[in-house]
Amino acid sequence: MFDIPMQSLMAQLLVGLINGCFYAVLSMGLAIIFGLLNIINFAHGAQFMVAAFLAWIGFTQLPMLLGPEFKLNFWAMLVVAPLIVGALGVLLEKTLLKRLYHLDHLYGLLLTFGVALILEGVFRHFYGISGSSYDPPALLQGGVDLGFMFMPIYRGFVVVASLLICAVTWYLFEKTKLGALLRAGTENPKLLQAFGVNIPLMITLTYGFGVALAGIAGVLAAPIMQITPLMGANLLNIVFAVVVIGGLGSIMGAILTGLALGLLEGLTKVFYAEGSTVVVFVIMAVVLLMRPAGMFGKEK
Amino acid sequence: MQFKKLSVALAACAAIAAQAQVSDDVVKIGVLNDLSGIYSDLSGQGSVTAARLAIEEMGGKVLGKPVELVFADHQNKPDVAANLARGWFDQGKVDMVTDFPTASTALAVMEIAKQKNRIVMPSSGLATAILGEKCNALTAQWTTNTYALAAGTARALVKEGKKSWYFITADYTFGHSLEKDATEVINADGGKVVGSSRHPFPGGDFSSFLLKAQASGADVIALANAGNDTVNAIKQANEYGITRKQVVAPLLTYISDVHSIGLEKAQGMYLSEAFYWDFDERSRAWSKKFFEKQKRMPTAAQAGVYSATLSYLKAVQAAGTDEAKAVMAQLRKMTIDDAVIRHGKLREDGALVHDMLLLQVKSPSESKVPWDYYKVKTVLKGADVYPAISPACQVAK
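Labelled according to an unreviewed UniProt entry, chain B appears under the name ABC transporter permease, originating from Rhodoferax koreensis. UniProt annotates chain B under Sequence similarities (unreviewed entry) with the comment "Belongs to the leucine-binding protein family."

Per an unreviewed UniProt entry, the recorded name for chain A is Branched-chain amino acid ABC transporter permease, and the organism is Rhodoferax koreensis. Of chain A, the UniProt comment under Sequence similarities (unreviewed entry) reads exactly: "Belongs to the binding-protein-dependent transport system permease family. LivHM subfamily."

Spelled out as structure tokens, the structure:
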């Protein structure tokens, strides 16, 4: 088949799946925020980057400043960094975003875009642009020979962890009472408020949760990508395309499209590497022509 | 008495005449580079510091006139660079512009400088196109170029018996230029290129390309890219266990890149550089001054800005004027020898041919102090690594 050995094809598909996992987790966060808040969260990439930096700071900088007993390893940071980033998200929502809900989508987009530029600028000022390295935790270093490729254990872990996060989030929003309330809140907030549900709090926490998802992805990405102020911005273009293709606001759409596009991108790299960055956007154009609300989106 | 008066008057006239040779009563140098984007660590503010050090070394004056410095962010965009440079030449009294970490910006400014009779000295714009059909008499590509970098590394590895090569190339002019130049050297020395992949710029994830390179079974995986792309590719090559069987050879690596990768992952790699801070007494002394101001060791690009600025000012001094053609003629007469450039001769096509260094990255245990990253393997003579003058360059004919 096009002179590509089976072995290499399998390896590329696996790599595609790994990237797809990142797309899925990041776009799920975006989809949740858009679905419930109607905010296009352009700061998502920057929040992802901040979490990656926090992981690195906790591991290398904190012990240098405060002494070795303050070293926060990968596992601690997998919990702490998303909490910090999520809390910053809550702060952002409480102080700025909540003032914009009655305005057009565009204002939320502009505000979050500005926040992203500020965050990137601050990290660039302090840590430069070349970035820093972060090693996977000792437990997950090394790799296994799968026959068709050498699979780094850490990448396997990322796949498992991401799928788990996706499954839990989907269950939370689609199958629990809390999820039902959240969805009802977007449909008819006034009615729900009349039933005594604290809608503003729910919205705040949802934004915080969406941002924390970006945070988890950031910590997961830290050992794979070079940690630089621009790491999120580079990824965000594709993630937005994923969300649009999946259908803005659809959680399942974001997960499935994320994984599928990761695989598709992997395949493109095998057959025509130069097209690998474009393929996602070509798909986006085609989908928008045929289903303007996206694959899993509902027309409003 | 009469004679003494006359001689004083004559001397005064001569002084006025000499001063009149400096246009606008000031010698002004512009550093045009990336102050905020992906190349801001390898050039950026550090290049401005380097230019300042050169001006300080001249006492802030040349031919009795003050030397001034301006700098701006060209955002790696040729149109932005061209507009900034035009403003500098027309209203800003700028006589020479240096740095340009993106070669396309240097090419854009060269055209304007030629019309306005000003000098351009790219320190980090490395594409060989600057010396080819686009060459002009007022440009000096100061630090090095893609051919010399590729030649240093490729030749050393082929000689070690690493004959088959696979390229992972950034899909834009610079990457293509690096791949082409290196391929020429590899073929000439009896090696062969077994395949290549072109990755989008900037890249981010290199897994697919690395797996293809691994499957090719080539002795060497050459990286024809720069900055974060190189760093990510090396990091991921380690992750996939590729570095255990194959050699990964980045064709353009600045010390800031090695600093980001860390010695653990970069150790053993070969690379070529125009300058390394820990080469000898002179380079160490200058780098120490730089470090005090910048809190980082200089990259070759930044060191090149220092050398370009210093050489330019010395040439203005010696020529007795800042008129562009006279200064260039003076630069071509001089042997460039300072803390950064050794045995340098400026050729008609604008290439500064000088000694290059073949370096190997130290292991973490070999590194004794911060920024102690390289072993100097060989000093490569300029004549051995620089390409012949391109037939496309009309100035040289």
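Still more to cover.
Asks: Please clarify how the overall build of chain B should be interpreted in this entry.
Replies: Summing up its helical and strand segments, chain B has 14 helices and 14 strands in all. For chain B, the C-alpha radius of gyration of 22 Å lies close to 21 Å, the compact-globule estimate for 397 residues. In chain B, which comprises 397 residues, the proportion classed as buried is 60%. For chain B, restricting intrachain contacts to residue pairs at least 6 apart in sequence, the fraction spanning at least 24 positions comes to 70%. Surface summary for chain B: the accessible area is close to 14,700 Å², and the carbon and sulfur share equals 55%. Here chain B contributes 45 positively and 41 negatively charged side chains, and the mean placements of these two sets differ by 3 Å.

Asks: Looking at this structure, how should I read the packing of aromatic side chains?
Replies: A ring pair, where both rings are aromatic, is described by two values, the distance of the centres and the angle of the planes. As enumerated under the stated definition, the model contains 23 aromatic pairs over all chains in all. Here the aromatic rings of Phe53(A) and Phe123(A) are separated by 4.8 Å at their centres, their planes lie at 35°, and the arrangement is tilted. A residue pair is termed long-range when its members are at least 10 positions apart, and Phe53(A) in helix H2 (residues 44-66) and Phe123(A) in helix H4 (residues 105-127) qualify at 70 residues. Pairing Tyr276(B) with Tyr374(B) gives two aromatic rings, centres 4.8 Å apart and planes at 55°, and the pair type is tilted. Of this pair, Tyr276(B) sits in the loop between strand S10 (270-273) and helix H11 (281-294) while Tyr374(B) sits in strand S14 (residues 374-380), placing them 98 residues apart in sequence.

Asks: Honestly, the pattern of salt bridges in this entry has me stumped. Any pointers?
Replies: Side-chain pairing between opposite charges can occur once the charged atoms of the two side chains come close. Using the criterion set out here, one finds 19 salt bridges over all chains in the structure. The residue Asp189(B) makes a salt bridge to Arg155(B) at a minimum N-O spacing of 3.2 Å. Separated by 34 residues along the polypeptide, Asp189(B) in the loop between helix H6 (173-188) and strand S7 (192-199) and Arg155(B) in helix H5 (residues 146-159) bring together distant segments of the chain. On the accessibility criterion, Arg155(B) (22% relative accessible area) is partly exposed. Across the pair Asp349(B) and Arg347(B) runs a salt bridge whose closest N-O atoms are separated by 3.0 Å. The residues Asp349(B) and Arg347(B) share a single accessibility class, namely buried. Through salt bridges that share partners, Arg155(A), Lys269(A), Asp205(B) and Glu239(B) make up one connected network.

Asks: What exactly am I supposed to notice about the environment of Asp99(B) here?
Replies: Residues and elements named next belong to chain B. Assignment of secondary structure puts Asp99 in strand S4 (residues 96-99). Residue classification places Asp99 among the buried residues on the basis of a relative accessible area of 0%. For the pair Asp99 and Gly304, spaced 205 residues apart in sequence, the C-alpha separation works out to 8.0 Å. Excluding residues within four positions of it along the chain, Asp99 makes contact with Val31, Leu32, Asn33, Ser43, Ser47, Met121, Pro122, Ser123, Ser124, Gly125, Ala301 and Val305. A polar contact is formed between the side chain of Asp99 and the side chain of Ser47, at a distance of 2.7 Å.

Asks: Sorry, what's going on with the side chain of Gln360(B) here?
Replies: Looking at the secondary structure, you find Gln360(B) in strand S13 (residues 356-361). Filtering out sequence-adjacent residues up to four positions away, Gln360(B) remains in contact with Gly268(B), Met269(B), Tyr270(B), Tyr373(B), Tyr374(B), Lys375(B) and Lys377(B).

Asks: Would you mind showing me how to read the domain arrangement of chain B here?
Replies: Where interface size is given, it is often the accessible area lost as the parts come together that is meant. All names here are of chain B. The domains assigned to chain B are domain 1 (2-144 + 280-354) and domain 2 (147-269). If you average the C-alpha positions of domain 1 and of domain 2, the two centres end up 32 Å apart. Facing the 15 residues of domain 1 at the interface are 13 residues of domain 2. Interface of domain 1 and domain 2: buried area, both sides summed, is about 1,100 Å²; carbon and sulfur atoms make up 68% of it. Of all residues in domain 1, Tyr39, Leu126 and Thr128 bury the most surface against domain 2, accounting for 35% of the area lost on that side. In this assembly, domain 1 and domain 2 are joined by zero salt bridges. For the pair domain 1 and domain 2, the interface holds three residue pairs in polar contact (both at pLDDT 80 or more). Counted by class, the side of domain 1 that touches domain 2 contains nine nonpolar, four polar and two charged residues.

Asks: How should I be thinking about the interface of chain A and chain B in this particular structure?
Replies: Contacts between the two partners involve 31 residues from chain A and, on the opposite side, 28 residues from chain B. Interface area, chain A with chain B, both sides summed: about 2,500 Å², of which 47% is carbon and sulfur. Residue Asp205(B) pairs with Arg155(A) through a salt bridge whose shortest N-O separation is 3.5 Å. Linking chain A to chain B there are 16 residue pairs in polar contact (both at pLDDT 80 or more). Those elements that provide at least two residues to the side of chain A that touches chain B are helix H1 (6-37), strand S2 (150-152) and helix H10 (251-271) of chain A.

Asks: Would you mind going over helix H8 (residues 199-221) of chain A with me for this structure?
Replies: Turn by turn, an α-helix covers 3.6 residues, leaving residues three or four places apart pointing in a common direction. Residues and elements named next belong to chain A. In a regular helix each residue adds 1.5 Å, so 23 residues correspond to 33 Å; H8 covers 33 Å between its end C-alpha atoms and thus fits that length. The element H8 is extensively covered by neighbouring structure, given that 17 of its 23 residues are classed as buried. Its side-chain oxygen 3.3 Å from the backbone nitrogen of Leu201, Asn198 forms the N-cap of H8.

Conventions used here
Residues numbered from 1 in each chain as written. Chains lettered and ligands numbered in written order. Predicted model: local features only at pLDDT ≥ 70, side-chain atom pairs only at ≥ 80, totals over all residues. Heavy atoms only, no water. UniProt positions renumbered as here; feature names shortened; annotations may be inferred. Helix = DSSP H or I, 4+ residues; strand = E, 2+ residues; numbered from the N terminus. Rg over C-alpha atoms; globule rule 2.2 N^0.38 Å. Buried < 20%, exposed > 50% of the residue type's maximum accessible area, 1.4 Å probe, protein only. Contact = heavy atoms within 4.5 Å. Areas by Shrake-Rupley, 256 points an atom, 1.4 Å probe, with all protein chains shown as cover. Lys, Arg positive; Asp, Glu negative; His and termini not counted. Charge placed at Lys NZ, Arg CZ, Asp CG, Glu CD. Phe/Tyr/Trp six-rings, centres within 6.5 Å; stacked < 30°, edge-to-face > 60°. Salt bridge = Lys/Arg side-chain N within 4 Å of Asp/Glu carboxyl O. Polar contact = N/O pair within 3.5 Å; in protein donor to acceptor, adjacent residues only side chain to side chain. Domains from an automatic or database assignment. Buried area = accessible area lost by both parts, 1.4 Å probe. Nonpolar A, V, L, I, M, F, W, Y, C, P; charged D, E, K, R; others polar. Expected span 1.5 Å × (residues − 1).

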